[in-house]
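Okay, here's what each chain looks like letter by letter:
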Amino acid sequence: MAKLKVGVLISGRGSNMAALIEAARDPAYPAEIACVISNVASAAGIETARKAGIATAVIPHKDYPDRETFDRAVSAELEKHGVGLVALAGFMRIQSPWFPQHWAGRIINIHPSLLPAFKGLHVQQQALDAGVRVSGCTVHFVTPDLDSGPIIAQAVVPVLAGDTADTLAARILRQEHRLYPQVVRWFAEGRITPGDSRAEVAGVPQGATLLFSPEP
Ligand code: GRF
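Small disclaimer: the values here were computed from a predicted structure and weren't measured.

Peer 1: Mind showing me how you'd approach the packing of helix α5 (residues 123-130) against helix α6 (residues 165-188) here?
Peer 2: When two helices pack together, their arrangement is given by the angle between their axes and by how far apart the axes lie. At a minimum axis distance of 9 Å, the contact between α5 and α6 shows a crossing angle of 110°. Between α5 and α6, the interaxial angle falls into the category roughly perpendicular. Pair α5 / α6 crosses with right-handed handedness. On α6, the residues that touch Gln124, Gln125, Ala127 and Leu128 of α5 are Ala165, Leu168, Ala169 and Ile172. Per-class residue counts for the contact of α5 with α6 are 6 nonpolar, 2 polar and no charged.

Peer 1: Could you clarify how one ought to interpret the layout of surface pockets in this entry?
Peer 2: Taking a probe equal in size to a water molecule and rolling it over the atoms shows the remaining empty space. Here the largest pocket defines a volume of roughly 1100 Å³. What lines the largest pocket is a set of 41 residues, among which Gly90, Phe91, Met92, Pro112 and Leu121 lie closest to the centre. Secondary-structure elements contributing two or more residues to the lining of the largest pocket are α1 (15-24), β5 (107-111), α5 and α6. Among the elements that take part in the lining of the largest pocket, α6 stands out by supplying 6 residues, more than any other.

Peer 1: What am I meant to see in the sheet that holds strand β7 (residues 151-158) here?
Peer 2: Spatially, 8 strands are ordered β3-β2-β1-β4-β5-β6-β7-β10 in an open sheet, and the strand pairing comes out mixed. Strand pairing shows two members of the sheet lacking a second neighbour, β3 (56-58) and β10 (210-212), which therefore form its edges. Neighbouring strand axes in the sheet, compared pairwise and without regard to direction, differ in orientation by 20° on average. As paired strands, strand β2 (residues 31-38) and β3 are joined by 3 bridges and run parallel to one another. Bridge pairing in β3 places Val36 opposite Thr56. This element, helix α2 (residues 44-51), spans β1 (4-10), β2 and β3 of the sheet and lies at about 155° to β3. Helix-sheet contacts for helix α3 (residues 67-80) involve β1, β2, β3 and β4 (85-88), and the interaxial angle to β2 is about 150°.

Peer 1: Would you mind going over the side chain of Gln175 with me for this structure?
Peer 2: Along the chain, Gln175 falls in helix α6. Each residue touching Gln175, except ones within four places of it in the same chain, is listed here: Cys137, Ala155, Val157 and Ser213.

Peer 1: For this particular structure, what's the right way to read the pattern of salt bridges?
Peer 2: Think of it this way: side chains of opposite charge can pair up when their charged atoms draw near. In total, this model carries 9 salt bridges according to the counting rule given. Between Glu22 and Arg25 there is a salt bridge, with the nearest N and O atoms lying 3.6 Å from each other. The residues Glu22 and Arg25 share a single accessibility class, namely exposed. Here Glu189 ties to Arg185 by a salt bridge, and the two come within 3.6 Å at their closest N and O atoms. Its relative accessible area of 25% is what places Arg185 among the partly exposed residues.

Peer 1: Please clarify how the environment of Val159 should be interpreted in this entry.
Peer 2: Of note, Val159 is situated in the loop between β7 and α6. Classification of Val159 as buried rests on a relative accessible area of 13%. When the C-alpha positions of Val159 and Pro100 are compared, they lie 32 Å apart, and in sequence the two are 59 residues distant. Once you skip the residues sitting within four places of it in the chain, Val159 turns out to touch Leu128, Val132, Arg133, Val134, Ser135, Leu168 and Arg171.

Peer 1: What is the right way to look at the domain arrangement of the chain in this model?
Peer 2: By a widespread convention, an interface's size corresponds to the accessible area lost as its parts come together. Per the domain assignment, the segments of the chain are domain 1 (1-103) and domain 2 (111-216). Distance from the C-alpha centre of domain 1 to the C-alpha centre of domain 2: 20 Å. Listed by partner, the interface residues are 22 residues for domain 1 and 14 residues for domain 2. With both sides pooled, the region where domain 1 packs onto domain 2 buries about 1500 Å², and carbon together with sulfur makes up 73% of that total.

Reading the values: the criteria
Residues numbered from 1 in each chain as written. Predicted model: local features only at pLDDT ≥ 70, side-chain atom pairs only at ≥ 80, totals over all residues. Heavy atoms only, no water. Axes fitted to C-alpha atoms, helices over the stretch in contact; angles between N-to-C directions. Helix = DSSP H or I, 4+ residues; strand = E, 2+ residues; numbered from the N terminus. Parallel < 35°, antiparallel > 145°, perpendicular 65-115°, else oblique. Left-handed = near helix turned anticlockwise from the far one by under 90°. Contact = heavy atoms within 4.5 Å. Nonpolar A, V, L, I, M, F, W, Y, C, P; charged D, E, K, R; others polar. 1 Å grid on protein atoms, 1.4 Å probe; cavity = no way out; pocket = protein on both sides within 12 Å on 5 of 7 lines; lining within 4 Å. Points joined across faces, edges and corners; volume = space filled by probe spheres on them. Pairing = 2+ DSSP bridges. Salt bridge = Lys/Arg side-chain N within 4 Å of Asp/Glu carboxyl O. Buried < 20%, exposed > 50% of the residue type's maximum accessible area, 1.4 Å probe, protein only. Domains from an automatic or database assignment. Buried area = accessible area lost by both parts, 1.4 Å probe.

Next up, the structure:
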């Protein structure tokens, strides 16, 4: 069967992108990374993708007069590569409503908190400030409302005494790298239905959409 073509949007380090590239190296994985697009020319992830032999494009948002014109340029590049799923991976650009509407049901994001808690930026600091004992990451469909689309899967980690935003971020990131390739696999297998707030994942064991990582 033809593999699902995934387009990954990044703005920086690209470690989640790298986790997807790594997963897709397995011949049995049902998706391939068709292209990686960054809005920032200096994004380290672009070099990582190039070295892995993936098609890359830098589309600087500053070259466009407004959000939607930029979004349409990104979309055209994705379509050029026959992308069937857009995976946001540290893409630090708020999109116009046009983009998630155009890609509705075919665009997902990974966010480093247990949504709906702690949306936006500096989320680990938000979690520490709130005193929560667990945090984690969420993969969700993207809708025009920031960090609010139907939740597909989450991974939970402990928040430990003495944690800083950096130590908590690193613990969460390890789970991101497990969760995102898993969700892309389910999407490629046609298992995921968006729903209103909860996306259903068919044919996986109860609990499979929740990873729990008690160890620091
Ligand atoms: C990750 O924590 C992701 O959840 C958030 O931005 C960060 C990107 O990291 N959306 P990387 O570029 O994938 O290393």
